[in-house]
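# Observations on the three-dimensional arrangement
What follows is each chain in one-letter form.
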Amino acid sequence: QQVGRAEIIENFHRTREFAIEYKQGETWKELYHGGAIESGKPIEFTPVRARHVRLNSLKAGEVPTIEEFRILNPTK
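An account of the accompanying structure is given in this report. Because the structure is predicted, anything quoted here is derived from the model rather than measured. (Residues numbered from 1 in each chain as written. Predicted model: local features only at pLDDT ≥ 70, side-chain atom pairs only at ≥ 80, totals over all residues. Heavy atoms only, no water.)

## Observations regarding the sheet that holds strand E1 (residues 2-10)
Definition in use: Pairing between two strands is assigned when DSSP locates at least 2 bridges connecting them. Strands here are runs of E lasting at least two residues and helices are runs of H or I lasting at least four, both read from the DSSP assignment and numbered beginning at the N terminus. Geometry is summarised by axes, namely lines fitted to C-alpha atoms with helices restricted to the contacting stretch, and by angles between N-to-C directions that run from 0 to 180 degrees.
Strand order in the open sheet made by the three strands is E4-E1-E6, with antiparallel pairing throughout. Each edge of the sheet is formed by a strand with only one pairing partner; in this case those strands are strand E4 (43-49) and strand E6 (66-72). Neighbour-to-neighbour, the strand axes of the sheet open up by a mean angle of 25°, direction not taken into account.

## Let's talk about the environment of Ala6
Convention followed: For every residue, the accessible area (1.4 Å probe, protein chains only) is compared with the maximum for its type, and the residue is labelled buried under 20%, exposed over 50%, or partly exposed between those bounds. Only heavy atoms matter for contacts: two residues are in contact if any of them lie within 4.5 Å across the pair.
Mapped onto the elements, Ala6 comes out in strand E1. What makes Ala6 buried here is its relative accessible area of 0%. Between the C-alpha atoms of Ala6 and Tyr32, which are 26 residues apart in sequence, the distance is 9.7 Å. Not counting the four nearest positions on each side in its chain, Ala6 is found in contact with Ile20, Lys41, Pro42, Ile43, Phe45, Phe69, Arg70 and Ile71.

Pasting the structure below:
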């Protein structure tokens, strides 16, 4: 699947730093690196073909409270 955008919904805004990553072979590669999550704001990155994508919480004030993580096709 081609991916190029994401949306994250977080309650209580606890995340301070995060990365969106995709798996290439056995290695996770970074698509996007960000600070605090702006809940619901579209995140755009260079499109790639990926089967596995993850949200990696790198720093948080407390336990992250992610309600939704959506991966979307690139904007045309």
